[in-house]
Amino acid sequence: MSVEILSKQLCHGGAVSTVAHKSTSLGLDAKFMLFRPAEALRGDKTPVLFLLAGLTCTHETFLQKSTIIAEAAACGLTLVAPDTSPRGAGVEGENDTYDLGTAAGFYLDATRQPWASHYRMGSYVADELPELIRTRFGQEGSAFGIMGHSMGGHGALVHGLRNPSLWQSVSALAPIVHPSVVPWGTRAFKAYLGEDRESWAAWDAVSLIASGRRHPNEILIDQGTADQFLAQELRPDLIENAAAKAGQPLTLRYHAGYDHSYWFIQSVISDHVAHHARLLGARS
């Protein structure tokens with residue numbers, strides 16, 4: 001696989017790179033951001049944390065806005081931030097709205113045309129990108145964790161529940177927890193997966209828990225009470241109830257007055273890094 005480092009800058013003793021490659025899952029060129037702490041630059045294996053951003057974002061957003069790099073450098077975590085959708089798929093209407101198409105891939109594999117040919121972020125995140133990190137960046141045998149914000153929180157929860165043997169730690173910030181029943185999710189799922197709602201359950205965290213999927217470790221979720229999307233799109237109470245009924249370890253924390261922005265993420269990011277560092281065996 002051809003991999004190109006488009007840029008590289010030193011940061012907190014490590015290095016931040018923009019990486020480009022030809023994605024077999026997407027059938028298109030793709031980019032991701034990579035932070036390698038000092039240990040990784042020396043050739044050491046480190047735990048790896050994937051960061052999934054939300055609607056309208058790119059591969060750059062999480063690392064640039066969250067302040068996570070300083071926290072990750074302090075405990076020796078490698079960070080990987082994929083894009084939020086394929087780019088340049090050429091699907092009619094993919095750039096018309098913010099919540100479908102470009103920057104709105106929902107981290108799933110579309111099965112309905114015209115989306116199915118390229119909108120396969122599910123396989124990209126679950127299989128292709130972890131394998132590239134292992135083989136091309138010296139992380140064979142490393143522990144992997146996953147976290148995300150909003151649509152990316154949905155992605156982190158779903159991927160963590162679908163494959164807990166890969167994703168040993170999971171957390172989410174203001175996530176879409178039950179996309180099958182909220183406007184953001186139903187619009188995307190109808191387009192990407194079709195009208196058969198039974199097929200939606202494979203990409204829905206609440207539905208996965210209800211069907212018997214579990215993660216052996218505690219899942220951490222943080223949510224602001226002043227989030228403008230809380231009541232209609234996010235509904236964290238639904239996953240809290242599902243987890244309690246199923247016995248899935250989950251901590252949901254509400255933060256009075258905080259909204260949906262990266263200012264909120266900056267305010268709780270240290271707790272999330274600590275959560276992953278503990279479960280992945282990173283330096284505390």
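Rules and cut-offs
Residues numbered from 1 in each chain as written. Predicted model: local features only at pLDDT ≥ 70, side-chain atom pairs only at ≥ 80, totals over all residues. Heavy atoms only, no water. Helix = DSSP H or I, 4+ residues; strand = E, 2+ residues; numbered from the N terminus. Rg over C-alpha atoms; globule rule 2.2 N^0.38 Å. Buried < 20%, exposed > 50% of the residue type's maximum accessible area, 1.4 Å probe, protein only. Contact = heavy atoms within 4.5 Å. Areas by Shrake-Rupley, 256 points an atom, 1.4 Å probe, with all protein chains shown as cover. Expected span 1.5 Å × (residues − 1).

Caption draft 1: Broad picture of the overall build of the protein chain. Counting its regular elements, the protein chain contains 10 helices and 9 strands. The C-alpha atoms of the protein chain give a radius of gyration of 17 Å, which matches the 19 Å a tight globule of 284 residues would have. Principal-axis analysis of the C-alpha atoms places the extent of the protein chain at approximately 50 × 40 × 35 Å. Each of the 284 residues in the protein chain was classed as buried or not, and the buried ones make up 60%. A separation threshold of at least 6 residues defines the contact pool for the protein chain, and within that pool the share at least 24 residues apart is 72%. If you sum the accessible surface of the protein chain, you get close to 11000 Å²; carbon and sulfur atoms cover 48% of it.

Caption draft 2: Structural context of helix α5 (residues 151-162). The first and last C-alpha atoms of α5 sit 16 Å apart over 12 residues, in line with the 16 Å expected at 1.5 Å per residue. Among the 12 residues of α5, 11 are classified as buried, and the element is accordingly described as predominantly covered. Listed in full, the buried residues belonging to α5 are Met151, Gly152, Gly153, His154, Gly155, Ala156, Leu157, Val158, His159, Gly160 and Leu161.

Caption draft 3: Layout of unusual backbone geometry. Note that the residue after Gln113, namely Pro114, is joined by a cis bond; omega there is 10°. Here Thr56, not a glycine, exhibits a phi torsion of approximately 75°, which is positive. Assignment of secondary structure puts Thr56 in the loop between β4 (48-52) and α2 (61-65). When its relative accessible area of 51% is taken as the criterion, Thr56 is described as exposed. We note that Thr67 has phi near 65°; this positive angle belongs to a residue other than glycine. If you trace the backbone, Thr67 turns up in the loop between α2 and α3 (68-75).

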